[in-house]
Amino acid sequence: MPIATPEVYNEMLDRAKAGKFAYPAINVTSSQTLHAALRGFAEAESDGIIQISTGGAEFLGGQHNKDMVTGAVALAEFAHIVAKKYDITVALHTDHCPKDKLDGYVRPLIAVSEERVARGENPLFQSHMWDGSAETLNDNLAIAQELLARARAAKIILEVEITPTGGEEDGVSHEINDSLYTTVDDALRTAEALGLGDKGRYLLAASFGNVHGVYKPGNVVLRPELLKDLHDGVAAKYGQPAGSQPFDFVFHGGSGSTAEEIATALENGVVKMNIDTDTQYAFTRPVADHMLKNYDGVLKVDGEVGSKKTYDPRTWGKLAEASMSQRVLEACGHLRSTGTKIK
């Protein structure tokens, strides 16, 4: 069962919540980065989440027409085949999708899964993200309600981002300021609009100072303890026992986070952490090293013929895959998912 069924995906998230660990959610943009993610999960004996952003899907669709749906569907179908060779379970997810791209990305992909489910099959993707952080919270939640109803019918989990994450991700950018902290009122309004599982399961990307992109530890003020306040406020409102954790939280913009910050987030209900910047660098670093060390081989310098063994994409591609898979392995350790795969 390499690609999670809807039932298994729910079990994965439940196990993470109960066990105080989270799944690395690895952005991929090619068959090779997909294999790197799968390899890292397998070596860590961890299940995981593989995700495709709008920009990643456009790249996968090819530069001739840059069709996001074609790119996402193609890699998802490929994943359903090649993942069988890895002794772990993964869920397929689409990352950040803003309002102006819904009709060209998430809605058509939900339709693909609706058709599959109508035929008695499982959905193609196990979850999709609606990023309404650039909208007012009222508009954000109104669209989330529509998408959640469709996702639930298609046996898909929806991820929502209710308040901004700083920095830039595939063209969606927010300033780094005090708006990067979700309030209890934001959480209460979310629970009122989307329910607490009764209207369909959803993952919640709340903001606690998160910033997309590259930054060093200490340059961004993360407050993962804020997640407990959100849980407590909603639990009290809905009469849940003290210490309840009503939400399944997602950690966005985690590059550069300290081990302590990650641990606090895990204790407070984070079940998924997005990792993209670090794995991009891990993939590219050995390629750059190879090119610099083999300059006269990868280029036909001064009329020479170069060295096919050095410019063959398989040569440097293997180095890139190994490096990225190692970074995924490390992420599993940081998020405590190592050795937790469903047997």
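Quantities reported herein were computed from a predicted structural model and do not represent experimental measurements. (Residues numbered from 1 in each chain as written. Predicted model: local features only at pLDDT ≥ 70, side-chain atom pairs only at ≥ 80, totals over all residues. Heavy atoms only, no water.)

A. Spatial organisation of the overall build of the protein. Broken down by element type, the protein carries 13 helices and 10 strands. The C-alpha atoms of the protein give 20 Å as radius of gyration, which agrees with the globular expectation for 343 residues (20 Å, within 12%). Taken along the three principal axes of its C-alpha coordinates, the protein extends 75 × 50 × 40 Å. Long-range contacts, defined here as pairs at least 24 residues apart, represent 74% of the contacts in the protein between residues at least 6 apart. When the accessible surface of the protein is totalled, it reaches about 14,800 Å², and 52% of it is carbon and sulfur. (Helix = DSSP H or I, 4+ residues; strand = E, 2+ residues; numbered from the N terminus. Rg over C-alpha atoms; globule rule 2.2 N^0.38 Å. Contact = heavy atoms within 4.5 Å. Areas by Shrake-Rupley, 256 points an atom, 1.4 Å probe, with all protein chains shown as cover.)

B. Structural context of the side chain of N268. Among the secondary structure elements, N268 is positioned in the loop between α9 (259–267) and β10 (270–275). By relative accessible area, which is 10% here, N268 ends up buried. Every residue in contact with N268, bar those within four places of it in the chain, is listed here: P224, E225, L227, K228, H231, Q245 and F249. (Buried < 20%, exposed > 50% of the residue type's maximum accessible area, 1.4 Å probe, protein only.)

C. Region of interest: the pattern of salt bridges. Within the structure shown, the criterion is met by 19 salt bridges. The partner of R116 in a salt bridge is E77, with the nearest N and O atoms 3.7 Å apart. With R116 in helix α5 (residues 106–118) and E77 in helix α4 (residues 68–82), this pair connects stretches of sequence that are 39 residues apart. Among the residues examined, R116 registers a relative accessible area of 13% and is labelled buried. A salt bridge links E159 to K272, with the nearest nitrogen and oxygen atoms 2.9 Å apart. Of this pair, E159 sits in strand β5 (residues 157–161) while K272 is found in strand β10, placing the two residues 113 residues apart along the sequence. (Salt bridge = Lys/Arg side-chain N within 4 Å of Asp/Glu carboxyl O.)

D. Broad picture of the packing of helix α2 (residues 31–44) against helix α13 (residues 313–334). As a packed pair, α2 and α13 sit with axes 7 Å apart at the nearest point and diverge in direction by 45°. By the angle class used here, α2 and α13 are oblique. Judged by the twist between their axes, the crossing of α2 over α13 is right-handed. Of the residues in α13, those touching α2 at Q32, T33, H35, A36, A37, R39, G40, F41, E43 and A44 are G317, K318, E321, A322, M324, S325, V328, L329 and C332. Of the residues contributing to the contact of α2 with α13, the split by class is nine nonpolar, six polar and four charged. (Axes fitted to C-alpha atoms, helices over the stretch in contact; angles between N-to-C directions. Parallel < 35°, antiparallel > 145°, perpendicular 65-115°, else oblique. Left-handed = near helix turned anticlockwise from the far one by under 90°. Nonpolar A, V, L, I, M, F, W, Y, C, P; charged D, E, K, R; others polar.)

E. Fine view of helix α1 (residues 6–19). The end-to-end C-alpha distance of α1 is 20 Å, a good match for the 20 Å that 14 residues give at a rise of 1.5 Å each. P6, V8, Y9, M12, L13, A16 and K17 are the residues of α1 that are buried. Of the residues one or two after α1, K20 is the one with positive phi, at around 60°. (Expected span 1.5 Å × (residues − 1).)

F. Expanded view of empty space enclosed by the protein. On inspection of all chains with the given rule, the structure shows two cavities of 30 Å³ or more. Roughly 40 Å³ of internal volume is contained in the second largest cavity. In terms of lining residues, the second largest cavity is bounded by V28, L34, I50, I52, L75, A76, A79, L92 and F125. Contributing elements (two or more residues each) for the lining of the second largest cavity: β2 (48–52) and α4. (1 Å grid on protein atoms, 1.4 Å probe; cavity = no way out; pocket = protein on both sides within 12 Å on 5 of 7 lines; lining within 4 Å. Points joined across faces, edges and corners; volume = space filled by probe spheres on them.)

G. Geometry of the nonpolar core. Membership of the largest hydrophobic core comes to 79 residues, with the highest contact counts inside it found for L38, F41, I50, Y105 and V160. Not counting residues up to four positions away in its chain, the partners in contact with I50 are I26, V28, L34, A37, L38, F41, V90, A91, L92 and H93. (Core = buried A, V, L, I, M, F, W, Y, C linked by side-chain atoms within 4.5 Å.)

H. Examining the pairing of strand β1 (residues 23–27) more closely. Counted residue by residue, β1 has five buried out of five residues, so it is predominantly covered. What you see with β1 is no split at all: Y23, A25 and N27 on one side and P24 and I26 on the other are buried throughout. In the sheet, β1 pairs with β10 via four bridges, with the strands oriented parallel. Bridging from a neighbouring strand, Y23 pairs with K272 of β10. Direction of pairing for β1 relative to β2: parallel, over a ladder of three bridges. Considered in β2, the bridge of N27 is made with Q51. On the question of chirality, the crossover connecting β1 to the parallel β2 by way of α2 is right-handed. (Pairing = 2+ DSSP bridges. Right-handed = clockwise from strand over helix to strand, strands pointing away.)

I. Broad picture of the packing of α5 against helix α6 (residues 137–153). It is at 9 Å that the axes of α5 and α6 come closest, and there the two elements cross at 25°. It follows that α5 is roughly parallel to α6 by the angle criterion. The chirality of how α5 crosses α6 is left-handed. Only I143, E146, L147, R150 and A153 of α6 make contact with α5, whose side of the interface consists of V106, R107, I110, A111, E114 and V117. For the contact of α5 with α6, the residue count by class is seven nonpolar, no polar and four charged.

Taken by themselves, the reported measurements are silent on function.
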